[in-house]
Each structure stands twice: as C-alpha cells, then as structure tokens.
Amino acid sequence: QVQLVESGGGLVQAGGSLRLSCAASGRTFNSIGWFRQAPGKEREFVGSVMWSGGVTYYADSVKGRFTISRDNAKNTVILQMSSLRPEDTAVYYCAVCRRLGLSGTPDEYDYWGQGTQVTVSS
C-alpha cells in the first residue's frame, strides 16, 4: 500500500500561481504523476516525475507553465503552477506508478490521493 496526501489547492485569479504538494508513504514506486478532473470531463494527465533521477514529462496543455519537482528526503512531490487559466480549474490528484518509465495513462497508476480542488477565476 502507498498512502498519498495532497495539499495546497485553493482559489486563485487567472494569471496567478499555486503550489500543490503530494506526500507519499508506504511501498516503493517508480514515478509520481499529477492528474486533474473537471466536472463532466475525463481524468486528464498533467505531468509526472521519475522518483529516481527526476526526469519529468508534461502534458502539452501545461508545458511551460507547470513544473514538477521532488524532495526525496521528505517523500514529497511538488506541482508548481503558474500563469493559471480558468480552464485549469479541476480537482487535482497525485498518483504513483510502479511500472518502469513515465506514463500519462491513469489506468497504469496504482495508488491515488484524495484530490485537492483548484479554482481559477477569470
């Protein structure tokens, strides 16, 4: 089992920034990903990071605006979001993947956090 706890969501104006954290504990894993889900839409990949080495992979929709980093000592991954847009409004989830490589497919992730709401006002 892996336990994941997200924090840092909230309300921000368009163009602003937010920082989400995901604290992980439990079994080992290969990568941590961030996903988001807006009302009435499917869960969407945001980005992911290899736990060892720190290689990152981003969705085109957030590339250049969002950055994922990790703190191995604290078992925490950070999603730094800037230049936020109203279309970034969603519940954001972190998840861990035990298979090799980086994946943007939700079904390939093994454990999920409870999610944190991000709302961007226009």
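Predicted model only: the values in this text are computed from it and were never measured.

Caption draft 1: Spotlight on unusual backbone geometry. Phi at N75 takes a positive value of approximately 50°, unusual for a residue other than glycine. Considering the arrangement of structural elements, one finds N75 in the loop between strand 7 (66–71) and strand 8 (76–81). The backbone phi angle of S83 is positive, close to 50°, even though this residue is not glycine. For S83, a relative accessible area of 42% translates into the label partly exposed.

Caption draft 2: Up close: the packing of aromatic side chains. One pass over the full model with this rule turns up 7 aromatic pairs. Between F35 and F45 the ring centres are 5.6 Å apart and the planes differ by 65°, which places this aromatic pair in the edge-to-face class. Taken together, the positions of F35 in strand 4 (residues 31–37) and F45 in strand 5 (residues 44–50) put the pair 10 residues apart, joining distant regions of the chain. Feature note: the residues F35, F45, Y57, Y93, Y109 and W112 constitute an aromatic cluster, connected by ring pairs. R43 extends its terminal NZ or CZ atom over the ring of Y93, reaching a point 4.0 Å from the ring centre. Over the aromatic face of W112 sits the side chain of R43, whose NZ or CZ is 4.7 Å from the ring centroid.

Caption draft 3: How the structure looks around the sheet that holds strand 8. Taking strand neighbours across the sheet as the criterion, the 4 strands line up as 1-3-8-7 in an open arrangement whose pairing is antiparallel. Every other strand in the sheet has two partners, leaving strand 1 (2–7) and strand 7 as the edge strands with one partner each. Neighbour-to-neighbour, the strand axes of this sheet turn through a mean angle of 15°, independent of strand direction. The pairing of strand 3 (residues 18–26) with strand 8 spans 6 bridges and is classified as antiparallel. Note on strand 8: the bridge partner recorded for A23 is T76.

Caption draft 4: Quick look at the side chain of S31. With respect to the element layout, S31 can be found in strand 4. Overall, S31 belongs to the buried group, its relative accessible area being 0%. Those residues in contact with S31, other than ones at most four positions away along the chain, are V49, M50, W51, A95, V96, C97, G101, L102 and Y109.

Caption draft 5: Representation of the side chain of S103 in the model. Mapping S103 onto the fold places it in the loop between strand 9 (90–97) and strand 10 (111–112). Within the structure, S103 has its side chain in polar contact with the side chain of E108 (distance 2.5 Å). For S103, the residues in contact, after removing those within four places along its chain, are F45, S48, Y57, E108 and Y109.

Caption draft 6: Representation of the state of the cysteines within the structure. On inspection of all chains with the given rule, the structure shows 1 disulfide. Disulfide partner of C22: C94, at an S-S distance of 2.1 Å. In this structure, the disulfide formed by C22 and C94 twists by about 70° around the S-S bond and is classed as right-handed. Highlighted residues: C22 in strand 3 and C94 in strand 9, separated in sequence by 72 residues. For C22, a relative accessible area of 0% gives the class buried. Take C94: its relative accessible area is 0%, and that puts it in the buried class. Its sulfur unpaired, C97 is 13 Å from the next cysteine sulfur, which belongs to C94.

Conventions used here
- Residues numbered from 1 in each chain as written.
- Predicted model: local features only at pLDDT ≥ 70, side-chain atom pairs only at ≥ 80, totals over all residues.
- Heavy atoms only, no water.
- Helix = DSSP H or I, 4+ residues; strand = E, 2+ residues; numbered from the N terminus.
- Buried < 20%, exposed > 50% of the residue type's maximum accessible area, 1.4 Å probe, protein only.
- Phe/Tyr/Trp six-rings, centres within 6.5 Å; stacked < 30°, edge-to-face > 60°.
- Lys NZ or Arg CZ within 6 Å of the ring centre and 35° of its normal.
- Pairing = 2+ DSSP bridges.
- Axes fitted to C-alpha atoms, helices over the stretch in contact; angles between N-to-C directions.
- Contact = heavy atoms within 4.5 Å.
- Polar contact = N/O pair within 3.5 Å; in protein donor to acceptor, adjacent residues only side chain to side chain.
- Disulfide = S-S within 2.5 Å.

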